[in-house]
Amino acid sequence: MFSNIAYILHFLMLAAFSGSINIAIALVRNFVLINSSKGWARNKYWLWLFISLHIIVTIFTYQDMFSLLPCIGMVAITIASWTRNGKKIWMTNIFVNSPSWLIYDIYTVSYSGIVCEVLTLLSVIISFFRHGVKALDQADY
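Residues numbered from 1 in each chain as written. Predicted model: local features only at pLDDT ≥ 70, side-chain atom pairs only at ≥ 80, totals over all residues. Heavy atoms only, no water.

### Some points on the side chain of N93
Working step 1: Mapped onto the secondary structure, N93 falls in helix 5 (residues 86-108).
Working step 2: On the basis of relative accessible area, N93 is assigned to the buried category, the value being 18%.
Working step 3: Once you skip the residues sitting within four places of it in the chain, N93 turns out to touch I77, S98, P99 and T120. (Helix = DSSP H or I, 4+ residues; strand = E, 2+ residues; numbered from the N terminus. Buried < 20%, exposed > 50% of the residue type's maximum accessible area, 1.4 Å probe, protein only. Contact = heavy atoms within 4.5 Å.)

### Thoughts on the packing of aromatic side chains
Working step 1: By the definition in use, this model includes nine aromatic pairs.
Working step 2: Aromatic side chains W40 and W46 sit 6.0 Å apart centroid to centroid with 75° between the ring planes, which places their arrangement in the edge-to-face category.
Working step 3: Residue class for W40 comes out partly exposed when judged on its relative accessible area of 41%.
Working step 4: Aromatic pair F50 and W82: ring centres 6.0 Å apart, planes at 50°, arrangement tilted. Separated by 32 residues along the polypeptide, F50 in helix 3 (residues 45-61) and W82 in helix 4 (residues 68-83) bring together distant segments of the chain. Of the two residues, F50 and W82, neither departs from the other in class, the shared state being buried.
Working step 5: Among the aromatic side chains, those forming a connected cluster through ring pairs are F31, W40, W46, F50 and W82. (Phe/Tyr/Trp six-rings, centres within 6.5 Å; stacked < 30°, edge-to-face > 60°.)

### A closer look at the confidence of the model for the protein chain
Working step 1: In the predicted model, the protein chain carries a mean pLDDT of 91, and the fraction of residues at 70 or more is 94%.
Working step 2: Of all the helices and strands in the protein chain, helix 7 (residues 135-138) carries the lowest mean pLDDT, 64, while helix 3 carries the highest, 96. (pLDDT = per-residue confidence, 0-100.)

This is the structure:
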């Protein structure tokens, strides 16, 4: 949660509003996901609310095609997270979310974002080699 707040401020300072506001939505989404064992957070309408918010924010913060990348990454990882399936979350992260953010970070010259996404991708790749993709079938988040 604290890293999300730091990235919200970071992207605001870079005038990368699409990234900043999409991360702010993800901050609230993460709070809901953390509380998914509670009745109020189990409602499937949360998923559709967060997807809608990501799309609406992207429409209002659109500057160029790169503004779409945070939305693409966030919508994909939001859907994957709602499955609570480790394999789907990790596969979405490596093939959609992290690449989308990495390209956006390069475009907005976010050095910390570039380092973060490269480390995320390396972590997932190392995990695949170390444990295999099948190990993720048992992972449940």
